[in-house]
Structures are given as structure tokens and as C-alpha cells.
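Geometric and topological summary
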Amino acid sequence: MYKSLRKHWRLFWKFRQLRLMLLLEYRNSFFFWSLVSVLWTAFNYFFFSLIVSANNTIAGWNQSEMYVLISTFTILDAFTWSFFYANMTTYTKSIFYGEMTTYLTRPVSTQFLVSIQNNSFNNIFRLVIGIVVLVKAVQATQVPLSLGTILLYVTFMILSLLFIYSLWFIVATCAFWVERLDNINELIPATRRMWQVPRGVYSGLASTLFTVILPLGLISTIPSEILLGKGELRWMVYYGIFAVGSLLFSTWFFRISVKRYSGVGN
Amino acid sequence: MWRRFTHLIKHSFLVSLGYRSEVFLWILLSIVPTAVVLLIWVSVYQGASELRGFQLSQLLQYLFIATVISGITSSHFESWRAREIREGKIDYLLTKPISYLTQVFLHDLGAKIFYIAYSIPIFIFSYWFLSQVLPISGIQFSLINFLQFCILIVYGYLVEFFLALIVLLLTFWFENGEGLEHFKMLTISLLSGMMIPIVFMPPWLQSIVQALPLKYMYAWPIEILQQRQTLQIQDLLYAAAFLLFLYGLVRLLWRRALLRYCSAGG
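Calculation criteria
- Here the residue numbering is sequential within each chain, running from 1 through the sequence in written order.
- Written order decides the labels, with chains lettered from A and ligands numbered from 1.
- For a predicted model such as this one, the threshold for reporting local features is a pLDDT of at least 70, and the threshold for listing and counting side-chain atom pairs is 80 or more; totals across whole chains, interfaces and linings nevertheless cover every residue.
- Note that water and hydrogens are dropped before the side-chain values are worked out from all heavy atoms of the structure.
- Numbering of helices and strands runs from the N terminus; a helix is a DSSP stretch of H or I covering at least four residues, while a strand is a stretch of E covering at least two.
- We compute the radius of gyration from the C-alpha atoms alone; for a globule the expected value is 2.2 Å times N to the 0.38, where N is the number of residues.
- Accessible area is worked out with a 1.4 Å probe on protein chains only. A residue is then buried under 20% of its type maximum, exposed over 50%, and partly exposed in between.
- We call two residues contacting when some pair of their heavy atoms lies within 4.5 Å.
- For the area figures, the Shrake-Rupley method with a 1.4 Å probe applies, and any residue is considered shielded solely by the protein chains shown.
- Only four residue types enter the charge count: Lys and Arg as positive, Asp and Glu as negative, with His and the chain ends excluded.
- All charge positions are set by atom: Lys at NZ, Arg at CZ, Asp at CG, Glu at CD.
- Patch construction takes residues with relative accessible area above 30% that form no salt bridge. Like charges are linked within 9 Å, and nonpolar side chains (Val, Leu, Ile, Met, Phe, Trp, Tyr) are linked within 5 Å.
- A carboxyl oxygen of Asp or Glu within 4 Å of a side-chain nitrogen of Lys or Arg is what we treat as a salt bridge.
- We call a set of buried Ala, Val, Leu, Ile, Met, Phe, Trp, Tyr and Cys residues a nonpolar core when their side-chain atoms join them within 4.5 Å.
- For every element, the axis is a line fit to its C-alpha atoms; helices are fit only across the contacting stretch, and the angle between N-to-C directions ranges from 0 to 180 degrees.
- If an angle is under 35 degrees, it is roughly parallel; if it is over 145, roughly antiparallel; if it lies from 65 to 115, roughly perpendicular; otherwise it is oblique.
- By the definition used in this description, the sense in which the near helix is turned from the far one sets the handedness, with an anticlockwise turn below a right angle giving left-handed and a clockwise turn giving right-handed.
- Residues are grouped as follows: nonpolar covers Ala, Val, Leu, Ile, Met, Phe, Trp, Tyr, Cys and Pro; charged covers Asp, Glu, Lys and Arg; every other residue, Gly included, is treated as polar.
- In summary, the pairing rule links any two rings of Phe, Tyr or Trp, Trp by its six-membered ring, whose centres are within 6.5 Å, and it sorts them by plane angle into stacked for under 30 degrees, edge-to-face for over 60 and tilted for everything else.
- Here the quantity called buried area is the accessible surface, traced with a 1.4 Å probe, that two parts lose on coming together, added over both.
- Pairing of N or O atoms within 3.5 Å defines a polar contact, subject to two protein rules: one partner must be a possible hydrogen donor and the other a possible acceptor, and residues neighboring in sequence count only if both atoms are side-chain atoms.

1. Description of the overall build of chain A
For chain A, the count of helices and strands is 11 helices and 0 strands. Listing each helix as α and each strand as β along chain A from the N terminus yields α-α-α-α-α-α-α-α-α-α-α. The globule rule puts the C-alpha radius of gyration for 266 residues at 18 Å, and the 20 Å found for chain A is close to it. Seen along its three principal axes, the alpha-carbon backbone of chain A occupies a region of about 60 × 45 × 40 Å. Burial analysis of chain A (266 residues in total) assigns 52% to the buried set. Nonlocal contacts in chain A, meaning residues at least 24 apart in sequence, comprise 80% of its contacts between residues at least 6 apart. Within the structure as shown, chain A displays about 12800 Å² of accessible surface, and the carbon and sulfur contribution to it stands at 67%. Averaged over its 21 positive side-chain charges, chain A has a centre that lies 11 Å from the centre of its 9 negative ones.

2. Thoughts on a positive patch on the surface
Positive charge collects at one region of the surface, where K3(A), R6(A), R10(A) and K14(A) lie side by side. Of note, R6(A) is situated in helix α1 (residues 2-25).

3. Thoughts on the nonpolar core
Residues I58(A), Y91(A), M100(A) and W41(B) are the most contacted members of the largest nonpolar core, which totals 162 residues. In terms of residue count, the dominant contributor to this core is helix α7 (residues 143-170) of chain B (14 residues). The contact partners of Y91(A), leaving out residues within four places of it in the chain, are M100(A), V114(A), F169(A), A172(A), T173(A), F176(A) and F254(A).

4. Comments concerning unusual backbone geometry
Positive phi is not limited to glycine here, since Q142(A) has a value of about 60 degrees. Relative to the helices and strands, Q142(A) is located in the loop between α6 (124-141) and α7 (147-173).

5. A word on the packing of helix α4 (residues 78-86) of chain B against α7(B)
Residues and elements named next belong to chain B. Following both chains from N to C, one finds α4 and α7 inclined at 30 degrees, their axes separated by 9 Å at the closest point. What the angle tells us is that α4 and α7 run roughly parallel. Handedness of the crossing formed by α4 with α7: right-handed. Residues E78, R81, A82 and I85 of α4 pack against A164, V167 and L168 of α7. Here the residues of the contact of α4 with α7 sort into 5 nonpolar, no polar and 2 charged.

6. Here's the deal with a nonpolar patch on the surface
Residue and element names in this part refer to chain A. Together, I124, F125, V128 and V132 line one region of the surface with nonpolar side chains, adding up to about 320 Å² of accessible area. Turning to its location among the elements, I124 is positioned in helix α6. Residue I124 is classed as partly exposed on the basis of its relative accessible area, which comes to 39%.

7. Topic: the packing of aromatic side chains
All names here are of chain A. Per the stated rule, a full pass over the model turns up 55 aromatic pairs over all chains. Each ring, one from Y165 and one from F169, has its centre 5.7 Å from the other, and the planes form 25 degrees; the classification is stacked. Taken as a pair, Y165 and F169 lie in helix α7 at a separation of 4 residues, close to a single helical turn. Since its relative accessible area comes to 11%, Y165 is described here as buried. On the basis of relative accessibility, which here comes to 0%, the residue F169 falls in the buried class.

8. As for the interface of chain A and chain B
Taken together, the contacts link 35 residues of chain A with 35 residues of chain B. For the chain A and chain B pair, buried surface summed over both sides reaches about 3100 Å², with 77% attributable to carbon and sulfur atoms. It is W40(A), L50(A) and N183(A) in chain A that bury the most area against chain B; as a group they hold 17% of the surface buried on that side. Summed over the shared surface of chain A and chain B, the number is 0 salt bridges. The interface formed by chain A and chain B contains 3 residue pairs in polar contact (both at pLDDT 80 or more). The set of elements that each furnish at least two residues to the side of chain A that touches chain B consists of α2 (27-55) and α8 (187-190) of chain A. The element that contributes the greatest number of residues to the side of chain A that touches chain B is α2(A), accounting for 17 residues.

Set out below in C-alpha cells:
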């Protein structure tokens, strides 16, 4: 167990090292895409500031609280674009083009391998902006922070990342079941708007759908509520269980789906 | 000549037909974030019957029509066409008896006709569905308003197309040419009234938007349909002058770009 963990850990960092070497080789590309990422991040903050300024509130969240939420989203988004997008694109392509054989024959978990082999560093500035604005926004709300609150926030951020990853992996794994759907990977990025808003935005059927059945509306809300001192235990427990459950489901779904794979041993 | 043109349009239409599952998914992916934005505005309007001259039902209608216009007018061929240019794969297109730019236009037009034919029923159904669960007002307009709307839709498409062409032609000079597409998207989102009606923008941005001709792409056609605006002759002249300017820029860039192009036989 220990040996296996160590092997996976070392492999994870080996890939990061390779990606860093690539970055150093294509420096211009890094700066260009970083600029694009920064501009979209600024645009996103601006867009929400316009909406909030219309009536000074969104579902009962004031401007500072909304900035906490948007910053939480921005931090999650930085990881989403850095890790998940690159890996899931390679993963689905390998299924459609019959290149999965390479991964299936490696002496490590295939799910692990296809999930960590790629990453981009273009969103580092997005992450930095998210953290800086988060700190400023929390200060502006004047909510007292304790070490316990920060630790709980970090824990739920990790759970949110796990949930996004699992969801994306499940959708990408559907590539084993469909003939060819090139934009299958765009499904999760297109739903990002759902976790960019407070869960109070969803009411009636939408509330049941996006906070209970498929709790996309909780992804940024739960960590933000924790930081703002308005987290509710029942929602935290429910969301935690759902996030871990979806990870387990994604592994199970991959195991049954991979049996449908056929390739010519490239 | 016309037969060649229609043949190319038909060819592109049939190619798009082959990708109908992807197109269906793209349409859905454009509706989901819009639905969330509508829900955001519903929560913003809590306790307010009217904000900055817009009732909730009018604003929701505005945002939905913006999504439809975006689907009808936007062009996204930059990425894959740019890759073709960078890899020196357009030789066979340059040797054809129809100019490269015309071929790009006809191809885009064919795909656009398919998209419109395919998406309109889906948009109508979505509008009906959303109007059952959200307070969106029904669309009522006169024939003259509808005509003005159509003129501006054609204008919007041509502006999108020329801007996409400019991005594409810059690929001849810049390594990350296809990434310039993001600048195009950001500019249009910010300065055309696509994401929010002009009255909700801060005064400094309002004056910029009012001065630029990008407002005729989203803000004006929607407001014409909502009977808040009427097209004057000077508006038409301004829009036509802008189109001419973009066309001239495209011709100039193309002449220079051709001199830079080199490949080893495609």
C-alpha cells in the first residue's frame, strides 16, 4: 500500500516536472494564454459587479459576500482549467481514436494515469487573483475568521474539486458508450455558471434539481458560506457525502465502461 | 459562378448535417448558462418591479434574445482554420478558382444556414418552456420592427465574420493567432450589449458602447424588437461604414498575409 502510494505520488510530480519543462520551452505561449486567462477572470468579476450593482444584492448576498463567492469560484476555476480540462480532453480523444491501449497496459491505475498526465500553468494568475480578491472580500465583510474556519474552507474546496473532477470524469467516460461526440468535454465547462451563483438563486424545481439531486449549486456556495460564517451543518454533511460518493461512482463507472473499449494496440 | 457558390454552401451544409449531434449539444450548452443568468436576474429583482426602466419580464426577454442572436451571428472558425494555416495546409484551397476568403465565407454560410434551421425550433421550444416557469414576456413586434431587426442580424453576422477573418489572418504573423479569438469574444461581450442591457452599465462604459458600432449587434436589434429603439438613416450609414472599414482591413491583411505564407506542398 505504502509502496503503491509512493509510486503514484512520484509519478504525479514527474508529470508536473515534464509540463514545467514544456512551459519553459514555450514561454511566449504561456504569457499569451495567461493574459487571456487574466482578462476572462477580470471580465467575470466585472460582469457580476454589474449585476449586483443593479439592486445591491443577489439572492440575499451583498457585494462583498458575492466577491467571496466569485473568488471561491475563480480558485476552483483555476484548477478546473489547469488540470481537468487538459486531462479530460486527452482522455476522451484517446477513447475516440483508439489510443487507450497505451494507458491500459501501464502498471498503474488507468484512471489515475489519465487524470494526472496533463496540466497547464496558464491559470496561475487566475488563482492568484482569486486568492487576493478573496482575502480582500473577507476583510470587507468583517466576519471574524478562526483557523478552524479556514481549515474547514480548505477541506470543502478539496471536496468541491473532487466533485467537479468526478462529474467531469463520469461525463468523459460516457465517450466509451457513444459513437463520436467531439464536444462531450464542453458539457461540464458549460455548466460552470451554475456554481457561480449562491444556492438561493435556485428555487422550486431548480432548487431540488441543482442543490439536492445534482448539487452543482453547492460547489462554490458551501465553502463560501463556511467562510462567511453562515454554513449549515446538514448541507455540509450532505455535500461531503455526495462528493465522496460521486468519486466512488466515477471509479465504478470507469471499470464497467472500459470493457466496451476496442483499439488496435497502437 | 453562382452554381459554384451554391455547391460550396450545400457541401458545408451537408458536412454540418453529419455533425448534428455536436450541434445539438452546442445549442443546449448555450441555453444552460442563459437559464442560470435568467435565474440570477429573477433573484436580483426580488422586491423590485422595475430596475433602470426594465421590468423583469422585459429583461429576461432581452437576455434570451441575446442568446438566440449569439447563436445565429457568431462565427467560430478561427481555431481550426488557423491550425490549417500554421501547418501549411491551405495550398489546395489557394489553387481553387474561388478565392480563399470567399471559400471561407461560403463554408461558414452553409454551416450557419444549417445551424439556424436546426436551432430555431429548439430555441422556440426553450422560450416556451422558460416562459412556463419564469416571467418572460411574449414577443410582440410590428413588421417594420422585424425588418429592422433582420437587417441588424445580417449586420451582426457580417461583423462577426469579418472580425473572425481578421483574427484568422493575424495567424500569418502571430504564433498564437487562434487565441486572439478570445479578444474578439471579450470585446463583443463587453461592448455590444450582449451580456447586459446598456442602461445597466456604468456611465463611462455606456458612453463607449454608444459611440461604437458594436451596439448594433445585440443591444439595438433587441431593443428594436422590444420597441425601445428605431433605426435611423444615420445608424444605417454608420453600420455600413463600419462594415466597409472591416472589409477593407480584411483585404489589406489578406494581400500582406499571402506574401508571408509558405509551405511544402500542403
